[in-house]
Structures are given as structure tokens and as C-alpha cells.
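Given next are the chains, with one letter for each unit.
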Amino acid sequence: MSGSMEFLLWTKGPLFDIALAIFAIGLMARLVEIFMLGRAHNYAEPRAHEWPAGLRTMLTRTIADPGTFKRAPFNVVVGWIWHIGFLTALLFFVPHVELIRSVLGFAWPALPNPLVDFATAITILALIATLVHRLTHPVKRHISTVEDYLVWAVVFMVVLTGYLAYHRLVEPYPLALGMHILSAEILLVILPFTKLTHIFTAFIARWYNGAAFGRKGVQS
């Protein structure tokens, strides 16, 4: 028990500080890189305002259009399921809300534990389904990279270890909780340097595209 407790204290203490620092510095560098790219000045007279068009595209691109749903219903449905489930567990589980409060100084009300537990279980199943689909779909299997599988594995381990720790399915408990925290810290470390960055850049890209098309008077 003493070894597992030391491991837990290590993950909750210095390792968490290191992971948070790498995450913050890495994400800031990526965002600065994106915004420093800039864009060439457009001397043409705008046909519409950029901001409304950009905000509209942010909303419309978040919801799959009928054509996309018809072409790839599995991607749309299962993707929505695991993203919503993951965010529910991340942002509305009581211990996570308290952690956010301790870091940011503010937070929001948490959801009941049974609801978060259900969302977590559904997320695990959805993530397994996405892996099976990637491995069995000939095109997806061909274009998948090591990064794709790495990102999947890290996200899956975060959710799985959290579920195991909550239900105390791994003993001793400090070891289970430490593994969950370590998985989350690995996620923080790789996030700025992998496709996971889309968590922060997706809406920026959607606004940019919508604004550019809106200035021309066409719909994105």
C-alpha cells in the first residue's frame, strides 16, 4: 500500500505540475504559430460582414449536414456519442469539477455520479467501436497513422482507468487512481503536439473559413 500511495502522491504532485506546464507552453506555442501565420490583406470590397458568417459556420460545421450523415453515418453517430460522453465525464464529474475549481478559481455544478458513470460506460463502448471500425474499414485502415492509434490509446486509457478507479475494480485503490491521473497527464502532454489540438483549433478554423467565404458573399 505504501508504494501505491507514493505513486499516487507523485502523480498528483510534481508529475501533475510538469504535465500542466508542458500542456500550457505547448498549446500557447501552437496557437501563437497559428495566429502568426496571418493572411494576405484582401483589397476587394466585402460583400458581407465576416463575424456573422464566421459564427454561423462554427455552428453549421458542428452539426453534420445530411450529405455527410448519408455518406458516413457511423462516423457521425459514434463520434458524437463518445465526444459527448468524454466531455460529460471530464467536465461534470464531481472530483473533476473540484480540480478545475482549484486550478482556475471557479467551476460549475457537477452532474449526479450515476449519470456520469453511464456516460463513461457508453464512451468506452463507443471508443472500442471506433477502433474496430478503423481496423476493419479498408480505407481508414490504409490512411491511419501511428499517431491515430496513439491518440486513441491515450484517450481510451483515460476513460477506462477512470471507470476502473471509480468502481474500485483494481486494488489497491491508490494504484488505480494513480494510473488514471497518469493517463490524464500523458493526454495533457501529447495534446499540443498531436491531432488532439483540434479541441482548441477546430472552432478557430471554422470561423476563419466562414469569415473568408462570408466576405465574398458566399456560404461556407
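Conventions used here
Residues numbered from 1 in each chain as written. Predicted model: local features only at pLDDT ≥ 70, side-chain atom pairs only at ≥ 80, totals over all residues. Heavy atoms only, no water. Helix = DSSP H or I, 4+ residues; strand = E, 2+ residues; numbered from the N terminus. Contact = heavy atoms within 4.5 Å. UniProt positions renumbered as here; feature names shortened; annotations may be inferred. Salt bridge = Lys/Arg side-chain N within 4 Å of Asp/Glu carboxyl O. Buried < 20%, exposed > 50% of the residue type's maximum accessible area, 1.4 Å probe, protein only.

Caption draft 1: Representation of the overall build of the protein chain. Counting its regular elements, the protein chain contains 11 helices and 0 strands. If you list the helices and strands of the protein chain from N to C, you get α-α-α-α-α-α-α-α-α-α-α. Taking the contacts inside the protein chain whose residues are at least 6 apart along the sequence as the reference set, 69% of them involve residues at least 24 apart.

Caption draft 2: Representation of the environment of V94 within the structure. Mapped onto the elements of the fold, V94 is located in helix α6 (residues 94–104). On a C-alpha basis, the gap between V94 and P112 in space is 8.1 Å, while along the polypeptide they are 18 residues apart.

Caption draft 3: Looking closely at unusual backbone geometry. Put simply, E171 and P172 share a cis peptide bond, and its omega is -5 degrees. Position of P172 relative to the elements: it lies in the loop between α9 (146–166) and α10 (173–190). Despite not being glycine, R168 has its phi angle at roughly 55 degrees, a positive value. Note on placement: R168 falls in the loop between α9 and α10.

Caption draft 4: Just the UniProt feature "transmembrane region" (unreviewed entry) in the protein chain, in detail. Residues annotated by UniProt as "transmembrane region" (unreviewed entry) correspond here to residues 15–37, 74–95, 115–137, 149–166 and 186–208. The distance from the first to the last C-alpha atom of residues 74–95 is 32 Å, and the span holds 95% helix and 0% strand. Helix makes up 96% of residues 115–137 and strand 0%. Its end C-alpha atoms lie 32 Å apart.

Caption draft 5: Expanded view of the pattern of salt bridges. Under the definition given, this model contains 4 salt bridges. One salt bridge in this structure joins R30 and E33, with 3.8 Å as the shortest N-O distance. Taken together, the residues R30 and E33, both in helix α2 (residues 14–37) and 3 residues apart, mark about one turn of the helix. For D148, the salt bridge goes to K195, with nearest N and O atoms at 2.7 Å. You can see D148 sitting in helix α9 and its partner K195 sitting in the loop between α10 and α11 (198–216), a full 47 residues away along the chain. The class for K195 is partly exposed, based on a relative accessible area of 46%.

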